[in-house]
Amino acid sequence: MTEKTFGPFELQKAYSTEPVPDDFVLRRRISTAMRTLSERVIRAEVDQATLQHWAEQLEAVVATVGEPERRDSKQANRKLFTGAATIEDLYHMMDFDPVSGGANPIAPQVTWVQEGQEGVEGTLRLGQQYQGPPGRVHGGVIAWILDAVLSRALHAAFRLGVTGTLNIRYLAGTPIEDTITCRARITGQEGRKIFIEGSIWHGDQQTVHAEGVWLTPKSLG
Ligand SMILES: CCCCCCCCCCCCCCCC(=O)SCCNC(=O)CCNC(=O)[C@H](O)C(C)(C)COP(=O)(O)OP(=O)(O)OC[C@H]1O[C@@H](n2cnc3c(N)ncnc32)[C@H](O)[C@@H]1OP(=O)(O)O
């Protein structure tokens, strides 16, 4: 049987509906364990002997992993644009995303509840490791997440571009350790410039407003 292949417009649908490849099931398990660990060790009140034990165990895992070769991610990208990407290629493109990729241990994991031409909405919960002021999310982390959320609105509308400018207005503190909602939508376009706005909400309270300009590459615009 020939393997199914995908082009750019099938990317997001296939990524959310096709079965997760076996190696990514394992990569996701590793990432989940690493994320859980980083949240649990932050400010853990334990004695010196316990810290010493954890340090040694973790250093042993790092030594076991060593420095493995990496797959070139440009290859999957090229295959996507010729309609020849396999589901494994799609996972290599999407699942290491630093904000919502299941196989990336630093990704806070946004759960997308809506993705379409009219905009995107996702929920997430940020732990102690993302704290800035006590009890609140670090402002740089907010910028990081919103860059990804506004980019997702671009991709959900089947457009491509890189962030040119991202302006953020912090309206109120965004709490850690509670569910927050992120939204974004395209508001306009002038030639290669695409205007996108986004927000973060805690319940009914908007805590952040963002707006930015994304630039479609000259080769595609
Ligand atoms: C189909 C679905 C597929 C999905 C597929 C998914 C794949 C999964 C990948 C996930 C990916 C995630 C991605 C996350 C989002 C990043 O993190 S992107 C990374 C961060 N951004 C960058 O690295 C961008 C770095 N900057 C650049 O490369 C270049 O400066 C730019 C932004 C491309 C602009 O360069 P340029 O195209 O040469 O621009 P230029 O011709 O000088 O100007 C064109 C116009 O844009 C304006 N402009 C230029 N620069 C800027 C700027 N920075 N700000 C505002 N306006 C600007 C100019 O004033 C000009 O305006 P007009 O005079 O026409 O009115």
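Residues numbered from 1 in each chain as written. Predicted model: local features only at pLDDT ≥ 70, side-chain atom pairs only at ≥ 80, totals over all residues. Heavy atoms only, no water.

Participant: So what about the UniProt feature "domain: Thioesterase" (unreviewed entry) in the chain? Which residues, and what values?
Facilitator: The UniProt feature table records "domain: Thioesterase" (unreviewed entry) at residues 135–208. As a span, residues 135–208 carries 24% helix and 47% strand, and end to end its C-alpha atoms are 16 Å apart. (UniProt positions renumbered as here; feature names shortened; annotations may be inferred. Helix = DSSP H or I, 4+ residues; strand = E, 2+ residues; numbered from the N terminus.)

Participant: Just give me the short version of the site of the ligand, but keep the residues and values in it.
Facilitator: The environment of the ligand is formed by 16 residues, the closest being Gly-164, Thr-165, Arg-192, Lys-193 and Lys-218. For the ligand, a nitrogen atom lies 3.1 Å from a polar atom in the backbone of Thr-163. Taking Lys-193, its side chain carries an N or O atom lying 2.7 Å from an oxygen atom of the ligand. Protein contact buries 51% of the 1300 Å² of open area that the ligand shows by itself. At the level of secondary structure, the elements contributing two or more residues to the shell around the ligand comprise helix H6 (139–156), strand S3 (162–170) and strand S6 (205–215). In terms of residue count, the dominant contributor to the shell around the ligand is S3 (four residues). Class assignment of the residues belonging to the shell around the ligand gives a composition of seven nonpolar, five polar and four charged. (Near = heavy atom within 4 Å. Polar contact = N/O pair within 3.5 Å; in protein donor to acceptor, adjacent residues only side chain to side chain. Areas by Shrake-Rupley, 256 points an atom, 1.4 Å probe, with all protein chains shown as cover. Nonpolar A, V, L, I, M, F, W, Y, C, P; charged D, E, K, R; others polar.)

Participant: Give me the lowdown on the pattern of salt bridges, citing residues and values where you can.
Facilitator: Summed over the entire model, instances satisfying the criterion amount to ten salt bridges. A salt bridge links Lys-4 to Glu-18; the shortest N-O distance between them is 2.8 Å. Of this pair, Lys-4 sits in the segment before helix H1 (11–17) while Glu-18 sits in the loop between H1 and helix H2 (22–41); the two residues are 14 residues apart in sequence, bridging distant segments of the chain. Across the salt bridge formed by Glu-190 and Lys-193, the nearest N and O atoms sit 3.7 Å from each other. The partly exposed category is assigned to Glu-190, whose relative accessible area is 49%. (Salt bridge = Lys/Arg side-chain N within 4 Å of Asp/Glu carboxyl O. Buried < 20%, exposed > 50% of the residue type's maximum accessible area, 1.4 Å probe, protein only.)

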